[in-house]
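Chains, contacts and geometry: an overview
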Amino acid sequence: MKIYRNIGTLVTPVGKSALRGEAMRKNIVSVKNASIVVNDAGIIDDAGSNLKFAVKIDDVVYPNAKGYAEEIDCKGLLALPGFVDSHTHAVFMGERSNEFCMRAEGRSYQEIAAMGGGIRSSVEKVRNATSEEIAQYSQKFVRNALSLGTTTMEVKSGYGLSTESELALLAAAKRVGELTGMEIFRTWLGAHAVPKGKKQSEYVEELINEQLPAIVKEHAAEFADVFCDEGYFTLEETERICIAAQKAGLKIKLHADELADTGGAELAVKLGSYSADHLLKITSDGIAALARSERTIATLLPITALCIRSPYAPARKLIEAGCAVAIATDCNPGSSMSENMQLAISLSVIGMQMSPEEALTAATLNGAAAIDRAATHGSIQQGKFADFVLYDIPSLSYLPYHIGVSDVAAVVKNGNIVSGSL
Ligand SMILES: [Zn+2]
């Protein structure tokens, strides 16, 4: 048992499931002069200012029945839960800064894809690399994310688009977790695009009959995802792939309504998907469907909206309708080259008019719900993993306000400092 004491202010959403609508703002607690007690399994035993047991350390009363193996002075810093980045493509090869410049010159994401850029250009680079090379290349992004306060990350495949290279990417994602200490949950996104030289219908059959069984056999992913959008996979194809994946034991997440409203959000709810992601073009029907859903999280990716020069997703409408909103980076070499959740929070407040409290819930507890981990991750509460971050800032609002600059002092994962120092 160890104690992190002398936390100036501890701010966290409270809950073991997603927070919806106004609860995203209201179910936040802020405790001054707090401590966090962590057991030997890295789980929070107690947190707050009035702990269960009592002991005197430096003339301050702290809990103790058993004695702490270690006490860590948090020097009055502010503690928040570690971010749960629930939508990333953070394991890849190469870079696409040329496309970034082409977009700045006015070309659209779709035009660039039609010119041979986009997802397919990353596929070529991934296919020419070994799994270990991919892991070695990608680890720096994940290490950056950890140093910027992300303690749990979802990583998708989708730059292999063949059984062999999708498995190589998912193995690389696991390896990156081992190399960096980031906790990574994996999603198979074979249905990211149709690879060169294959017909759409032929590839859908390959996904269902070849890739999916191999992914399941190797236990390579917990989730399956489909890029359900105009120019990618249709509603019918998406439904077929997802139902097959569910039958094989995978959980579902969906890319939905990013480039056009195709009814992706409604389909996500119908399928019991854990999330519907992007939602830049969602309609009132899609919002109503998500508001009725007990499971599907509306995951918004504001850095992508910024990079593809699109209006942001309608976060206020979603929250006011009673949806559970998460935010994530969408870290990928094409449309969102950033592993910085703090930037996603800043854009949520500036561009989507979310309050800092809503953005915090979206980046932590609701992100955890989007990967089916709300019971164990995403808030600083007894019984959850001790994943939290200490910041040298005076208040929660300072986090989005200090744009693009990190004030992280130390990152704690499973009770241990894994980045920075105190
Ligand atoms: Zn994505």
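Residues numbered from 1 in each chain as written. Predicted model: local features only at pLDDT ≥ 70, side-chain atom pairs only at ≥ 80, totals over all residues. Heavy atoms only, no water.

**Comments concerning the domain arrangement of the protein chain**
Interfaces are often sized by the amount of accessible area the parts lose when they come together. In terms of domain boundaries, the protein chain breaks down into domain 1 (2-82 + 379-420) and domain 2 (83-370). Each of domain 1 and domain 2 has a C-alpha centre, and these two points are 30 Å apart. Each partner contributes residues to the interface: domain 1 has 35 residues there, and domain 2 has 38 residues. Summed over both sides, the interface between domain 1 and domain 2 buries roughly 2700 Å², with carbon and sulfur atoms accounting for 65% of that surface. Counting the contacts that link domain 1 with domain 2 gives 11 residue pairs in polar contact (both at pLDDT 80 or more). Those elements that place two or more of their residues in the side of domain 1 that touches domain 2 are strand E1 (2-13), helix H1 (23-26), strand E7 (78-81), strand E16 (388-391), helix H16 (398-401), strand E17 (408-413) and strand E18 (416-420). Per-element tally for the side of domain 1 that touches domain 2: the top contributor is E17, with 4 residues. Looking at the side of domain 1 that touches domain 2 residue by residue, the class counts come to 20 nonpolar, 9 polar and 6 charged. (Domains from an automatic or database assignment. Contact = heavy atoms within 4.5 Å. Buried area = accessible area lost by both parts, 1.4 Å probe. Polar contact = N/O pair within 3.5 Å; in protein donor to acceptor, adjacent residues only side chain to side chain. Helix = DSSP H or I, 4+ residues; strand = E, 2+ residues; numbered from the N terminus. Nonpolar A, V, L, I, M, F, W, Y, C, P; charged D, E, K, R; others polar.)

**A few points about the packing of helix H8 (residues 235-247) against helix H9 (residues 264-271)**
Direction vectors running N to C along H8 and H9 enclose 25°, while the axes themselves pass 11 Å from each other. Viewed along their axes, H8 and H9 adopt a mutual orientation that is roughly parallel. Considering only the axes of H8 and H9, their crossing is right-handed. Contact residues: Leu-235, Thr-238, Glu-239, Cys-242, Ile-243 and Gln-246 in H8; Gly-264, Leu-267, Lys-270 and Leu-271 in H9. Split into classes, the residues belonging to the contact of H8 with H9 amount to 5 nonpolar, 3 polar and 2 charged. (Axes fitted to C-alpha atoms, helices over the stretch in contact; angles between N-to-C directions. Parallel < 35°, antiparallel > 145°, perpendicular 65-115°, else oblique. Left-handed = near helix turned anticlockwise from the far one by under 90°.)

**Examining the coordination of the zinc ion**
The zinc ion binds to the protein through His-87 (NE2), His-89 (NE2), His-255 (NE2) and Asp-330 (OD); the donor distances cover 2.1 to 2.6 Å. Classification of the site at the zinc ion as irregular follows from its 4 donor atoms and the range of 78 to 166° in their angles at the metal. Ordering the donors of the zinc ion by residue number gives the pattern H-x1-H-x165-H-x74-D. With His-87 in the loop between strand E8 (83-85) and helix H2 (97-104) and Asp-330 in the loop between strand E15 (325-327) and helix H13 (341-352), this pair connects stretches of sequence that are 243 residues apart. (Donors = N, O, S within 2.8 Å, 3.2 Å for Na, K, Ca; no water. Tetrahedral: all angles 85-135°; square planar, octahedral: opposite > 155°, others 65-115°.)

**Description of helix H10 (residues 284-292)**
All buried positions along H10 are accounted for by Gly-286, Ile-287, Ala-289 and Leu-290. The arc that holds the buried residues of H10, viewed along the axis, is 160°, so those residues lie on one side. Every exposed residue of H10 that faces more than 90 degrees away from the buried side is listed here: Ser-284, Asp-285 and Arg-292. Packed against the buried residues of H10 are H9, strand E13 (275-278), strand E14 (297-300) and helix H12 (315-320). (Buried < 20%, exposed > 50% of the residue type's maximum accessible area, 1.4 Å probe, protein only. Arc of directions from axis to C-beta.)

**Description of the packing of H13 against helix H14 (residues 356-363)**
Running from N to C, H13 and H14 point in directions that differ by 140°, and their axes come no closer than 9 Å. The orientation of H13 relative to H14 falls into the category oblique. Between H13 and H14 lies a crossing whose hand is right-handed. Contacts between H13 and H14 pair Met-341, Ile-345, Ser-348 and Val-349 from the former with Pro-356, Ala-359 and Ala-363 from the latter. Tallied by class, residues from the contact of H13 with H14 come to 6 nonpolar, 1 polar and no charged.

**Describing the environment of Gly-42**
Position of Gly-42 among the secondary structure elements: in the loop between strand E2 (28-38) and strand E3 (44-48). Residue Gly-42 is classed as buried on the basis of its relative accessible area, which comes to 3%. With 342 residues separating them along the chain, Gly-42 and Lys-384 place their C-alpha atoms 8.8 Å apart. Excluding anything up to four places from it in sequence, Gly-42 contacts Phe-385, Ala-386, Asn-414 and Gly-415.

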